Amino acid sequence: MEQIDKERVGIRIDVLHSIIEDLNNDPELQMMFGSPVSKALVAVADDNDLRIEEGGIIDLKEEETEKFLEILNKIIKKNTI
C-alpha cells in the first residue's frame, strides 16, 4: 500500500515577522490587547492550516472578535500579496 504524504504549509520567516510587526503597530489592536499585541496572540497549526488566533488572555466581545479578524485578514493580505 502506497503512503501519501500530507501537503505541508509554510510561511517565510521574513513575511511572518512583517505580519507580527504590523499587528503590534495597529492602534486598534493595541487598545484591545495591550502592547505588544503579539503577547496576546498564538500561531496555531492544524494539518495544512496555519493561522494566528487570539490566545485566550483577553475576553473579547463578539464585535471585538469580528474587528480583530478583519484587521488580521487585512494585514495578512497586505504582507502576502
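Residues numbered from 1 in each chain as written. Predicted model: local features only at pLDDT ≥ 70, side-chain atom pairs only at ≥ 80, totals over all residues. Heavy atoms only, no water.

## As for helix 3 (residues 62-80)
Moving on, step 1. Between its first and last C-alpha atoms helix 3 spans 27 Å; for 19 residues at 1.5 Å apiece the expected length is 27 Å, and the two agree.
Moving on, step 2. Among the residues making up helix 3, those that are buried are Phe-68, Ile-71, Leu-72 and Ile-75. In a view along the axis of helix 3, the buried residues occupy a sector of 100 degrees, so they form one face of it. Away from the buried face of helix 3 by more than 90 degrees, exposed residues Glu-62, Glu-63, Lys-74 and Lys-77 are located. (Helix = DSSP H or I, 4+ residues; strand = E, 2+ residues; numbered from the N terminus. Expected span 1.5 Å × (residues − 1). Buried < 20%, exposed > 50% of the residue type's maximum accessible area, 1.4 Å probe, protein only. Arc of directions from axis to C-beta.)

## A few points about helix 1 (residues 13-25)
Moving on, step 1. With 13 residues, helix 1 ought to run about 18 Å at 1.5 Å a step, and its terminal C-alpha atoms sit 18 Å apart, in line with that.
Moving on, step 2. For helix 1, every residue scored as buried is listed here: Val-15, Ile-19, Asp-22, Leu-23 and Asn-24.
Moving on, step 3. Of the surrounding elements, those touching the buried residues of helix 1 are helix 2 (27-33), strand 1 (41-46), strand 2 (49-54) and helix 3. (Contact = heavy atoms within 4.5 Å.)

## Let's talk about the pattern of salt bridges
Moving on, step 1. Under the definition given, this model contains six salt bridges.
Moving on, step 2. For the salt bridge of Glu-70 with Lys-67, the shortest nitrogen-to-oxygen distance reads 3.2 Å. Of this pair, Glu-70 and Lys-67 both sit in helix 3, separated by three residues, roughly a single helical turn.
Moving on, step 3. Residue Lys-67 is classed as partly exposed on the basis of its relative accessible area of 27%. (Salt bridge = Lys/Arg side-chain N within 4 Å of Asp/Glu carboxyl O.)

## Examining the side chain of Asp-26
Moving on, step 1. Residue position: Asp-26 is located in the loop between helix 1 and helix 2.
Moving on, step 2. An unpaired buried charge is present at Asp-26: no salt bridge exists, and Lys-74, the closest side chain of opposite charge, is 4.8 Å distant. (Lys, Arg positive; Asp, Glu negative; His and termini not counted.)

## Quick look at the environment of Leu-23
Moving on, step 1. Inspection of the secondary structure assignment puts Leu-23 in helix 1.
Moving on, step 2. Leu-23 has contacts with Leu-29, Val-37, Leu-41, Ile-52, Leu-72 and Ile-75, leaving out every residue within four places of it along the chain.

## Focus: the side chain of Asn-24
Moving on, step 1. Here Asn-24 is to be found in helix 1.
Moving on, step 2. A distance of 2.9 Å separates the side chain of Asn-24 from the backbone nitrogen of Val-37, its partner in a polar contact.
Moving on, step 3. Polar side-chain contacts of Asn-24 include one of 2.7 Å to the backbone nitrogen of Ser-38.
Moving on, step 4. Ignoring sequence-local partners within four residues, the contact set of Asn-24 consists of Gln-30, Pro-36, Val-37 and Ser-38. (Polar contact = N/O pair within 3.5 Å; in protein donor to acceptor, adjacent residues only side chain to side chain.)

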